[in-house]
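In case you want the letters, here they are:
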Amino acid sequence: MNFKKDSRRSKNQNKNEQKKVLDKCYREFARINRKFFDAQLPTPVIALNQRFTARAGAFYPRTKRIALSWKYYLAWGLKELLGVLRHEVGHLALPKEGHSRKFKELLEKLDAPRYSKPFSKHPFRYEWECPNCGVKHWTRKRVVLACGKCCDRYNRGHFARNFQLQLVKELRPRRPPSKHL
Ligand SMILES: [Zn+2]
Ligand SMILES: [Zn+2]
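Now for a description of the structure that goes with this document. On a predicted model such as this, the values are computed, not experimentally measured, just so you know.

Hydrogen bonding along the main chain pairs the strands of a sheet, whether they run parallel or antiparallel. Strand order in this open sheet of 3 strands is β7-β6-β9, and the pairing throughout is antiparallel. Looking at the sheet topology across the chains shown, the edges are occupied by β7 (136-139) and β9 (166-170). Pairwise comparison of adjacent strand axes, ignoring direction, gives a mean angle of 30° for this sheet. Bridge count for strand β6 (residues 126-129) against β7 is 4 bridges, and the pairing is antiparallel. Note that in β7 the partner of E129 across the bridge is K136.

Summarising the element assignment, H87 is placed in helix α3 (residues 78-93). Placed 24 residues apart in sequence, H87 and D111 show a C-alpha to C-alpha distance of 8.5 Å. Discounting chain neighbours no more than four positions away, the residues touching H87 are G57, L107, A112, P113 and L181.

The rules behind the values
Residues numbered from 1 in each chain as written. Chains lettered and ligands numbered in written order. Predicted model: local features only at pLDDT ≥ 70, side-chain atom pairs only at ≥ 80, totals over all residues. Pairing = 2+ DSSP bridges. Helix = DSSP H or I, 4+ residues; strand = E, 2+ residues; numbered from the N terminus. Axes fitted to C-alpha atoms, helices over the stretch in contact; angles between N-to-C directions. Contact = placed C-beta atoms within 7 Å.

Take a look at the structure:
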């Protein structure tokens, strides 16, 4: 089975999505800063890291920077990523505490997870279907793909939006959290 990729379109889409996600991250930071810290925390630089595959997020105390994994976002979505952000904000608020009891109490207050979910142990998160021939396909990430068979048969092998795979459902992995954040 082969699938056609609309690479240029998905690259632009990716960029837009990253901008939106970062915007939500800054808003979330501002919200918890007001709610729990009297807006006294300095706003960190928040970045999306494209290469993090083993950790969902990191806080760098020297530069007060927070990095969040884009791949983790792709695997688990915004809600989970914002949880990771709150965890890292916990480190920003208590930079010398590590994962102490005090830190864990703060995490509870912030409704932040102690551990991140596994990155890629669950094989599939999304189920897709070709709107033309009904062939099914499963992926870990949100993708822009068209049915290879239909593109070959009706569009000389080029990507055609008519045959773009449609999301049928989101599968919820049910593995326990595993990684230290
Ligand atoms: Zn098809
Ligand atoms: Zn941590």
